[in-house]
Number of protein chains: 2
Amino acid sequence: GRMISYEAKRLGYKVVVLDPTPDSPAGQVSDKQIVAAYDDMKAIRQLVEETKVITYEFEHIDAAVLETVEAEGYRVYPSSKSLRIIQNKYRQKSFLQQAGLPVPSFFKLSSVDELYEEEPKYPYIIKTCCGGYDGKGNYVINKKEDLTNLPSSFLKREVIIEEYIDFERELSILAARSKDGKIIYYPVVENIHKDSILRTTKVPAQIDKDLEQRVFSIAMAVMRAFDDIGIFCVELFQKKDNKIFINEIAPRPHNSGHYTIEGCITSQYEQLVRAITGLPLGSPRLLSPCAMVNILGDNSAAGEYTFSGLEAAMQSEAAYVHLYGKKTTAYQRKIGHITVLDENAEKAAERAEAVLDSLSIKCLEG
Amino acid sequence: GRMISYEAKRLGYKVVVLDPTPDSPAGQVSDKQIVAAYDDMKAIRQLVEETKVITYEFEHIDAAVLETVEAEGYRVYPSSKSLRIIQNKYRQKSFLQQAGLPVPSFFKLSSVDELYEEEPKYPYIIKTCCGGYDGKGNYVINKKEDLTNLPSSFLKREVIIEEYIDFERELSILAARSKDGKIIYYPVVENIHKDSILRTTKVPAQIDKDLEQRVFSIAMAVMRAFDDIGIFCVELFQKKDNKIFINEIAPRPHNSGHYTIEGCITSQYEQLVRAITGLPLGSPRLLSPCAMVNILGDNSAAGEYTFSGLEAAMQSEAAYVHLYGKKTTAYQRKIGHITVLDENAEKAAERAEAVLDSLSIKCLEG
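Cut-offs applied
Residues numbered from 1 in each chain as written. Chains lettered and ligands numbered in written order. Predicted model: local features only at pLDDT ≥ 70, side-chain atom pairs only at ≥ 80, totals over all residues. Heavy atoms only, no water. Pairing = 2+ DSSP bridges. Helix = DSSP H or I, 4+ residues; strand = E, 2+ residues; numbered from the N terminus. Axes fitted to C-alpha atoms, helices over the stretch in contact; angles between N-to-C directions. Core = buried A, V, L, I, M, F, W, Y, C linked by side-chain atoms within 4.5 Å. Buried < 20%, exposed > 50% of the residue type's maximum accessible area, 1.4 Å probe, protein only. Contact = heavy atoms within 4.5 Å. Phe/Tyr/Trp six-rings, centres within 6.5 Å; stacked < 30°, edge-to-face > 60°. Lys, Arg positive; Asp, Glu negative; His and termini not counted. Salt bridge = Lys/Arg side-chain N within 4 Å of Asp/Glu carboxyl O. Polar contact = N/O pair within 3.5 Å; in protein donor to acceptor, adjacent residues only side chain to side chain. Patch = residues over 30% accessible without salt bridge, like charges linked within 9 Å, V, L, I, M, F, W, Y side chains within 5 Å. Areas by Shrake-Rupley, 256 points an atom, 1.4 Å probe, with all protein chains shown as cover. Buried area = accessible area lost by both parts, 1.4 Å probe. Nonpolar A, V, L, I, M, F, W, Y, C, P; charged D, E, K, R; others polar. Least-squares fit on C-alpha atoms with pLDDT ≥ 70 in both. Arc of directions from axis to C-beta. Parallel < 35°, antiparallel > 145°, perpendicular 65-115°, else oblique. pLDDT = per-residue confidence, 0-100.

## Description of the sheet that holds strand β3 (residues 106-109) of chain A
All names here are of chain A.
No. 1: With antiparallel pairing, the four strands of this open sheet are ordered in space as β3-β6-β4-β5. Every other strand in the sheet has two partners, leaving β3 and β5 (138-141) as the edge strands with one partner each. Looking at each pair of strands side by side, their axes are set apart by 25° on average, direction ignored.

Okay, here's the thing in C-alpha cells:
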C-alpha cells in the first residue's frame, strides 16, 4: 500500500487507506487512514464516499461488500466480479480453463472425506478453495498415507484436487489493462519459492524466445478474459519439456513485481494508479537486469524489532533496501525486500543474497 | 522534504518534520509533523529531542538556533557552521576565495548608498548579503541610471557588489560527504534559468572532458573546504573561453538535482539520508541521459488549484510527473517537476517541455 500511495501522491492524488492496523505502513504515508476491518461495511462506505476510485492490494476482502458499493455506482478496480473469480480456486481454474488457458488438471470435492472413495493419481495437491495465502491452504500428497497428516484446517471445507506439476521453473508476468482497453505486459521473471514463500525473483527469466512469446500470449489472453481495469500477476509452472501451466492469478501488484520499482520505466504501483485513474498506461520496459529477494522474519526475533547490518548492506552498488515499517516481525513474515541491478540476473541475485545475509533482525528490548 | 522522508522511511527510519504549514507536502508522508516556524526554539528543541539526527532542505533558518542545539550535543547535518557561511553571500564568497576556489570578483558595502561614492565597473550585480532566494535579492546594474530603479528592499542593508559574469552556460554539480570523510560527486548538469528561476536541467551537460574534470575538482575542493556531512550543490558560470566561476553553494538537495530520482543509481535524497545516518554513500552513476523541467504556478490561477491535461502528459514514454501536493499555487511558485529519460539530454528536454505544455493549472472554484 505504501508504494501505491507514494505513486498516487506523486501524480497529485489524495489517498485514503483502510487498514485494521493503526498507523499501518500505507497509512504512514497517506493523507488519511480509516482504521477498520476489511469487511467493515460502515468503514468501506466511508472510504468510497471520500474517494473517487478504490482499489486493493490484498485479495482476502469481502467481494460482496465491494459488489454492494459497485451497485451503488462507486468505482472499484479491479471489479468485485474478478475478485470473486480469483478468491475461489475452483472458480478461478474453471474460468481460466473455459478461456482456453492451460491449467493443471483439477476437480472439486465438497470435503476431503471424499478422497477415501476415489483415489487420484499421485502426486497431487489438495487446495482449500478459499482463503489460502503463501502456501497456507496447499498440501502435497505423494502417497495415500500422507492424507493422515493433513492439517485439520483442510477438513470440512471445499477443496480442489490438482495435478502436481513437476516444474523446472516457476515464472510470473505482470500485465495491466487501462480503461480504454489497452493491455501491456512486463518481462517474464523467474521466481524461487521456499516453504511456499517467494524468496527470489530473477529478471528477466532465462527462457527461450518461443517460451517467452507463449507467456506473453497467455498474459494477453488472461487480461482479455478478465476484461477488467488494473494490474494482474500471472504465476506459471514451466515443465522440463517447456510446457507451461498457469498456477494462479493475483488481481493486484505482486511480490514478484517489486523489481519494477527500480528495474522498469513504470513501476507496477504507478501502473495501477494510471489504470484506475484513467491515465494512459506507462512503458513496462526493463531498464536493467535485476533480482529481488524478500526480507523475512526469522526465528531470532518476534514482536517489535529493529535491523542491524544496514551499513554493510548498503555498500553494495545499485542495491535498494526497502523496509516496510511494519511494527512487528514474526517467523517468515515479509518485512521488506532488496532489489539489486546488475549486468545479468544471476549476478544481481548473488549480490542480493549477500546484501540480505548482511542484514539481521534484532528484537527490541521491551 | 517529501522525498527525503520517503527515502528515510524506505531505509527503516522514522521521520519527524518541522514545517509551519499544517499538513505540509513532507508532513503528509512522514510519521509526524511539528507545525511551527523554522526559528521556533521550543519546536526545534522538541524536534531534536524526538530524533537522532536532524537536517534541513531550506537554508533560511536560524543558524544560531541550530548552533545552540549542536552545543548541547544534538546532531545537525550539515552543521550550523556551514549554514552560517552559506547564508551570508559575502561570507560565502570570502570562504570560497580563501579556499582558492574561483569566484567572480566582489566586495561588500554596508549600504547601497556608498555606490554613489565609488563607481564599480559596469555591468555588475548588487546582492543582498542575506535572505535572497530564486533571484530575489539580486539586481543587475548595466549603467549608473539603473540604480534609480533599485527596489527598496535593497536599501539600508549590507550588500555585495559582484562582477557580472557574461556566461555561456550555467552548470551545477551535486557532491556528498559521509561521516567517514568519503566524497562522491554526480554528473555535471546544465541549467537554464528564466527570471532567475530554474526552468530546465539537462543531464549530462554538453561540455568537453577538460572542463568536466575542472568542475569535478571544484566539487571535491568545495566539499573538503566545508568538511561537513550531507549533500551540497555547487552552481557555476561557464564563460565562452571555458573559464568557470562558482555562483553559489546550497548545503542541501537542490532543484537541479531532482533528475537523480530516476536518472541515477542513488537519488540526492537517499544520498543525504545515507550521509547523515552514517551509512556508506551510494553510487551517483547516471542510468540514462535525462532532463528536468519545473512546473511553476502561472498567471492563470492563484490559491487552491488542480491540474488538467495529465492524460496527455502521461502519454510520453519515461516521463515522470512529480506533483508536490502544495495546497496553493502562485505566480512562479514551484509546484512540481517533470523528469524525462531519453537517449540524449536534448531530446529529453524537448519532450519534457512538451509534457509541461500539455499540463495546465486550474483554479478550484471556491
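## Things to note about the nonpolar core
No. 1: Ranked by internal contacts, the top residues of the largest apolar core, which has 110 residues, are I295, V321 and I338 of chain A together with I295, V321 and I338 of chain B.
No. 2: Non-local contacts of I295 of chain A, meaning those with residues more than four positions away in its chain, are made with F307, V321, H322, L323, R333, K334, I335, G336, H337, I338, L356 and L359 of chain A.

## Regarding the packing of aromatic side chains
No. 1: Inspection of the entire model under this criterion finds 19 aromatic pairs over all chains.
No. 2: Arranged with centres 5.2 Å apart and planes meeting at 40°, the rings of F226 of chain B and F232 of chain B form a pair that is tilted.
No. 3: Joined through ring pairs, the aromatic side chains of F95, F226 and F232 of chain A make up one cluster.

## Things to note about the side chain of D228 of chain A
Residue and element names in this part refer to chain A.
No. 1: The residue D228 is located in the loop between α6 (209-226) and β11 (230-239) in this model.
No. 2: For the buried D228, no salt bridge is present, and the opposite-charge side chain at shortest range is R177, 6.3 Å distant.
No. 3: One polar contact links the side chain of D228 to the main-chain amide nitrogen of S79, over a distance of 2.8 Å.
No. 4: Contact partners of D228, with chain neighbours within four places excluded, come to P78, S79, S82, R177 and M223.

## Considerations on a nonpolar patch on the surface
No. 1: A cluster of nonpolar residues, V140, Y164 and F167 of chain A, forms a patch on the protein surface that exposes about 210 Å² of accessible area.
No. 2: Position of V140 of chain A among the secondary structure elements: in strand β5.

## Concerning the interface of chain A and chain B
Size of an interface: often given as the accessible area lost when the parts come together.
No. 1: Contact residues are listed per partner, giving 35 residues for chain A and 35 residues for chain B.
No. 2: Here chain A packs against chain B, burying approximately 3000 Å² in sum over the two surfaces, 55% of which is carbon and sulfur.
No. 3: Among the residues chain A hides against chain B, the three largest losses belong to Y6, R10 and M314 of chain A. Together they make up 20% of the total.
No. 4: At the junction of chain A and chain B, the tally comes to two salt bridges.
No. 5: Where the side of chain A that touches chain B is concerned, the elements lending two or more residues are α1 (2-10), α8 (268-277), α9 (310-313) and β15 (319-323) of chain A.
No. 6: Residues of the side of chain A that touches chain B, tallied by class, amount to 16 nonpolar, eight polar and eleven charged.

## Examining the relation of the copies chain A and chain B
No. 1: Turning chain A through 180° and shifting it by 0.0 Å along the axis lays it on chain B, with an RMSD of 0.0 Å. Expressed as a symmetry operation, the mapping of one chain copy onto the other fits a two-fold axis. Of the C-alpha atoms belonging to chain A, the one lying closest to the rotation axis is found on V29 of chain A, 1.9 Å away.
No. 2: Taken as a fraction of all interface residues of chain A, those also at the interface in chain B reach 100%, which identifies the copy contact as same-surface.

## So, the environment of M220 of chain A
Residue and element names in this part refer to chain A.
No. 1: Structurally, the position occupied by M220 is in helix α6.
No. 2: Residues M220 and R157, 63 residues apart in the sequence, show an inter-C-alpha distance of 33 Å.
No. 3: Look past the residues within four positions of M220 in its chain and what remains in contact with it is I183 and Y185.

## Focus: helix α5 (residues 89-98) of chain A
Residue and element names in this part refer to chain A.
No. 1: Every buried residue of α5 is accounted for by K89, Q92, K93, S94, F95 and L96.
No. 2: Backbone nitrogen of Y90 and a side-chain oxygen of the N-cap are separated by 2.9 Å at the start of α5; the cap is N88.
No. 3: One or two positions beyond α5, positive phi appears at G100, with a value near 80°.

## A short note on unusual backbone geometry
All names here are of chain A.
No. 1: Here Y77 and P78 are connected by a cis peptide whose omega angle stands at -10°.
No. 2: Mapped onto the elements, P78 comes out in the loop between α3 (63-71) and α4 (80-87).
No. 3: The omega angle of the peptide bond from Y122 to P123 is -15°, so this bond is cis rather than trans.
No. 4: With respect to the helices, strands and loops of the structure, P123 is situated in the loop between β3 and β4 (124-128).
No. 5: A positive phi angle, near 65°, is found at S196, a position not held by glycine.
No. 6: Note that S196 resides in the loop between β9 (189-194) and β10 (197-203).
No. 7: A relative accessible area of 41% places S196 in the partly exposed class.

## Regarding helix α3 (residues 63-71) of chain B
Residue and element names in this part refer to chain B.
No. 1: Along α3, the positions that sit buried rather than exposed are A63, V65, L66 and V69. Down the axis of α3, the sector holding all buried residues measures 160°, keeping them to one side.
No. 2: Buried positions along α3 lie against α2 (41-50) and α4 (80-87).
No. 3: Just downstream of α3 lies G73, where phi reads positive at about 100°.

## Describing the packing of α4 of chain A against α5 of chain A
Residues and elements named next belong to chain A.
No. 1: The N-to-C vectors of α4 and α5 enclose an angle of 105°; their axes lie 5 Å apart at closest approach. Looking at the two axes, α4 sits roughly perpendicular to α5. Mapping the contact onto sequence places R84, I85, I86 and Q87 in α4 and K89, R91, Q92 and F95 in α5.
No. 2: For the contact of α4 with α5, a count of residues per class yields three nonpolar, two polar and three charged.

## A look at the confidence of the model for chain A
No. 1: Residues of chain A with pLDDT of at least 70 account for 98%, and the chain-wide mean is 94.
No. 2: Both scores are given for the predicted complex: the pTM is 0.93, the ipTM 0.90.

## Notes on the side chain of K9 of chain A
No. 1: With respect to the helices, strands and loops of the structure, K9 of chain A is situated in helix α1.
No. 2: One polar contact links K9 of chain A to D31 of chain A, side chain to side chain, over a distance of 2.9 Å.
No. 3: Among residues more than four places away in sequence, those in contact with K9 of chain A are V15, V29 and D31 of chain A together with R2, Q28, V29 and L323 of chain B.

## Describing the sheet that holds strand β6 (residues 159-163) of chain B
All names here are of chain B.
No. 1: Spatially, the four strands line up as an open sheet ordered β3-β6-β4-β5, and their pairing is antiparallel. The open sheet is flanked by β3 (106-109) and β5 (138-141), the only strands paired with a single partner. Adjacent strand axes in the sheet meet at a mean angle of 25° when their direction is disregarded.
No. 2: In the sheet, strand β4 (residues 124-128) pairs with β5 via four bridges, with the strands oriented antiparallel. The residue of β5 that forms the bridge with K127 is N138.
No. 3: In this fold helix α5 (residues 89-98) packs onto β3, β4, β5 and β6, with an angle of close to 145° to the strand it touches most, β3.

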